[in-house]
Amino acid sequence: MFEYSDELMRHFHDPHNVGDFDENDSRVGTGVVGSPACGDVLKIQILVDNNVITDAKFKAYGCCSVIASGSVATDELIGKTLDQALGILNTEIAALLDLPKIKVHCSMIAEKAIKAAVEDYQEKSKR
Ligand code: FES
């Protein structure tokens, strides 16, 4: 058996930055990633102004670790440049939450959703 950390439980019970932005807004990047292993899904969105992420939101369908990962990932994103956001690794998210080893894949979904959101924004801004 494993135990969840107090920090993880805090983010699970009172997640930060839950919500949506309009996907069609040119300032918004959206990343939606599902886990083939468990079927859970995480959506992360970023609001970008002049290459800086001024706000971030998430929605999750899944376990408490993926909800907590979405919460800390969006906290981490706010105030970062797009390049800095691409440098956020799942290991950092897992460390912030002290994720049990068996739950590390939940933080991988968050890393992938961050990258997908940044790429979506970059694609949109080329148009
Ligand atoms: Fe699937 Fe956590 S068990 S994301």
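Residues numbered from 1 in each chain as written. Predicted model: local features only at pLDDT ≥ 70, side-chain atom pairs only at ≥ 80, totals over all residues. Heavy atoms only, no water.

Engineer: Any chance you could explain the sheet that holds strand β2 (residues 41-49) here in plain terms?
Structural biologist: Consider a sheet: its strands pair through backbone hydrogen bonds, and that pairing is either parallel or antiparallel. Spatial ordering of the open sheet is given by β1-β2-β3, a layout of three strands whose pairing is antiparallel. Edge positions in the sheet fall to β1 (28-34) and β3 (52-61), since each of these pairs with one other strand and no more. The average angle at which neighbouring strand axes cross in this sheet is 15°, direction not considered. The strands touched by helix α2 (residues 64-77) within the sheet are β2 and β3, with β3 carrying the most contacts at an inclination of about 175°. With respect to the sheet, helix α5 (residues 104-126) is in contact with β1 and β2, its orientation differing from that of β1 by roughly 145°. (Pairing = 2+ DSSP bridges. Helix = DSSP H or I, 4+ residues; strand = E, 2+ residues; numbered from the N terminus. Axes fitted to C-alpha atoms, helices over the stretch in contact; angles between N-to-C directions. Contact = heavy atoms within 4.5 Å.)

Engineer: I keep staring at helix α4 (residues 90-97) and nothing clicks. Help me out?
Structural biologist: Because the α-helix completes a turn every 3.6 residues, residues three or four places apart line up on one side. Taken residue by residue, α4 has Asn90, Ile93, Ala94 and Leu97 as its buried positions. Taken down its axis, α4 places every buried residue within 100° of arc, on the same side. Where α4 is buried, its residues touch α1 (6-13), α2 and α5. Once α4 finishes, Asp98 follows within two positions and takes phi at roughly 50°, a positive value. (Buried < 20%, exposed > 50% of the residue type's maximum accessible area, 1.4 Å probe, protein only. Arc of directions from axis to C-beta.)

Engineer: How should I be thinking about unusual backbone geometry in this particular structure?
Structural biologist: Peptide bonds are trans in most cases, and residues, glycine excluded, mostly fall at negative phi. Unusually for a residue other than glycine, Asn50 sits at a positive phi of about 55°. Along the chain, Asn50 turns up in the loop between β2 and β3. Classification of Asn50 by relative accessible area gives exposed; the value is 70%. Even without being a glycine, Asp98 presents a positive backbone phi close to 50°.

Engineer: I would appreciate a short explanation of the packing of α2 against α4 in the present structure.
Structural biologist: Any two packed helices are characterised by how steeply their axes cross, that is the angle between the axes, and by the distance between the axes. Viewed as axis vectors pointing N to C, α2 and α4 meet at an angle of 110°, and their least axial separation amounts to 10 Å. Comparing their axes, α4 and α2 come out roughly perpendicular. α2 and α4 meet at a crossing whose hand is right-handed. In contact with Ala68, Ser69, Val72, Ala73 and Glu76 of α2, α4 contributes Ile93, Leu96 and Leu97. Here the residues of the contact of α2 with α4 are counted per class, giving six nonpolar, one polar and one charged. (Parallel < 35°, antiparallel > 145°, perpendicular 65-115°, else oblique. Left-handed = near helix turned anticlockwise from the far one by under 90°. Nonpolar A, V, L, I, M, F, W, Y, C, P; charged D, E, K, R; others polar.)

Engineer: Help me understand α5, please; the structure alone is not making it clear to me.
Structural biologist: Between its first and last C-alpha atoms α5 spans 34 Å; for 23 residues at 1.5 Å apiece the expected length is 33 Å, and the two agree. Within α5, the full set of buried residues consists of Cys106, Ser107, Ile109, Ala110, Glu111, Ala113, Ile114, Ala117, Val118, Tyr121 and Lys124. The inward-facing, buried residues of α5 abut β1, β2, α2, α3 (82-86) and α4. (Expected span 1.5 Å × (residues − 1).)

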